[in-house]
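These are the residues of each chain, in order.
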Amino acid sequence: MLVTLEGLDGSGKTTVWEALRATRDDGWTFTREPTGSWYGDAVRRSIGEPDADPLAELFLYTADHADHLSRTVRPALADGDVVVSDRYSDSRYAYQAASLDGELKRPMEYIRGVHQPFTREPDVTLYFDVPPETGAARAGATNKFEQTKFLSEVQANYEELISMRPGRFVRIDATRPPEDVLDRVEDVLGRVLGDD
Ligand SMILES: Nc1ncnc2c1ncn2[C@@H]1O[C@H](COP(=O)(O)OP(=O)(O)O)[C@@H](O)[C@H]1O
Ligand SMILES: Cc1cn([C@H]2C[C@H](O)[C@@H](COP(=O)(O)OP(=O)(O)O)O2)c(=O)[nH]c1=O
């Protein structure tokens, strides 16, 4: 089972991912994008570059995803693990569709099309829902993605993805205190894993 955590910067995904990881061991694989590989290093270098070409950046993230799939996600799923990834392909569909808006025609369709032949769609995606202002404030607005205006476009893209795949996404009210958010995530995981 592949579970992904998605949402705006500052929505609290990493806080939950760390709390889940701390209470589980055998049978679980905790992973994230950007990864810790050299592809992920290239991505982080690009995030820190205000003038990075957005199309080049899409392909850096996508290269990191391909490596993540073949080296981590697919082997862990083949072993029967529950894989929990802090960000995954929906981050590209939401963020790079925003950064490529005006550069390409129908950017989300294009990015989903690039992924479609090789990606592995998640079974469940927890969407950490916060207003863009909250996300930007919590994240500290330290890079080009953590700005309210940009995050508003990203949020609209996530909403489009949710309406395309209502059965895969579970919305989590991430404006709640951290303990409540974690309780809700544990409930959802208990339900989806119980049904598995
Ligand atoms: N539910 C919450 N309420 C208030 N602050 C939170 C909550 N969850 C996380 N935070 C704080 O917000 C900041 C960003 O959280 P983080 O988990 O790194 O978000 P993300 O991984 O989605 O960018 C951190 O300082 C974290 O302590
Ligand atoms: C995985 C991914 C991340 N991002 C962005 C979101 C973040 O601003 C940045 C780094 O991701 P991340 O380290 O997960 O940041 P955060 O914990 O603050 O959410 O990269 C994309 O634009 N596209 C992607 O495919």
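Conventions adopted
Within every chain, residues take consecutive numbers counted from 1 along the sequence as written. Each chain is given a letter, starting from A, and each ligand a number, starting from 1, according to the order in which they appear as written. Only residues with pLDDT of 70 or above have their local features reported here, since the model is predicted, and side-chain atom pairs are shown and tallied only from 80 upward, although totals for entire chains, interfaces and linings are computed over all residues. Only hydrogens and water are set aside when side-chain values are computed; all heavy atoms of the structure are taken into account. A pair is scored as a salt bridge if a Lys or Arg side-chain nitrogen falls within 4 Å of a carboxyl oxygen belonging to Asp or Glu. Segments assigned H or I by DSSP are reported as helices when at least four residues long, segments assigned E as strands when at least two residues long, and all are numbered from the N terminus. The rule is simple: take the accessible area with a 1.4 Å probe, protein chains only, and divide by the maximum for that residue type; under 20% is buried, over 50% is exposed, in between is partly exposed. Note that the arc is computed from the directions linking the helix axis to the C-beta atoms. When checking whether two residues touch, look at their non-hydrogen atoms; a contact exists if any pair is within 4.5 Å. Being near a molecule or strand, for a residue, means having at least one of its heavy atoms within 4 Å of it. In the analysis that follows, any N or O atom pair within 3.5 Å is treated as a polar contact, provided that within protein one partner can donate a hydrogen and the other can accept it, and provided that, for residues neighboring in sequence, both atoms belong to side chains. The Shrake-Rupley method, run with a 1.4 Å probe sphere, supplies the accessible areas, and residue values consider only the shown protein chains as cover. A cavity here means a set of points on a 1 Å grid, drawn over the protein atoms and nothing else, where a 1.4 Å probe fits but cannot get out; a pocket is an open set with protein on both sides within 12 Å along at least five of seven lines, and a residue lines either one if it has an atom within 4 Å of a point. For this analysis, a molecule is said to be in a pocket or cavity if more than half of its atoms are within 2 Å of the grid points defining it. Lys, Arg, Asp and Glu make up the charged group, whereas Ala, Val, Leu, Ile, Met, Phe, Trp, Tyr, Cys and Pro make up the nonpolar group; the residues left over, Gly among them, are polar. Each patch is built from residues that are more than 30% exposed by relative accessible area and take part in no salt bridge. Like charges join if they lie within 9 Å; nonpolar side chains (Val, Leu, Ile, Met, Phe, Trp, Tyr) join within 5 Å.

Draft legend 1. Highlighting the pattern of salt bridges. Taken as a whole and assessed by the stated rule, the structure comprises 15 salt bridges. Measuring nitrogen to oxygen at the nearest pair gives 3.8 Å for the salt bridge that ties D86 to R32. Of the two residues, D86 is situated in strand β3 (residues 82-86) and R32 in strand β2 (residues 28-32); the sequence distance between them amounts to 54 residues. A residue is classified by how much of its surface remains accessible, and D86, at 1% relative accessible area, is buried. One continuous salt-bridge network, built from bridges that share partners, spans D90, E121, R165 and R168.

Draft legend 2. Quick peek at helix α6 (residues 132-139). When we look at burial in α6, the residues that qualify are P132, G135 and A136. Angular distribution of buried residues about the axis of α6 spans 95°; they occupy a single face of the element. Packed against the buried residues of α6 are α7 (148-164). Following α6 by one or two positions, G140 has its phi on the positive side, about 90°.

Draft legend 3. Broad picture of the site of ligand 2. Around ligand 2, the surrounding shell holds 15 residues, and the nearest of these are D9, Y61, R87, R92 and Q96. In the environment of ligand 2, an oxygen atom lies 2.6 Å from a nitrogen or oxygen atom belonging to the side chain of D9. Residue R32 places a side-chain N or O atom 3.2 Å away from an oxygen atom belonging to ligand 2. Taken by itself ligand 2 offers 540 Å² of open surface, and the protein chains cover 87% of this. When atoms are counted within 2 Å of each cavity's grid points, the one that captures over half of ligand 2 is the largest pocket. Residue assignment for the shell around ligand 2 shows that the elements contributing at least two residues are α1 (13-22) and α4 (89-99). Per-class residue counts for the shell around ligand 2 are 5 nonpolar, 3 polar and 7 charged.

Draft legend 4. Structural context of a nonpolar patch on the surface. A contiguous nonpolar patch, built from L55, F59 and Y110 and spanning about 250 Å² of accessible area, is present on the exposed surface. Mapped onto the secondary structure, F59 falls in helix α3 (residues 54-78). Under the relative-accessibility criterion, F59 is labelled partly exposed at 38%.

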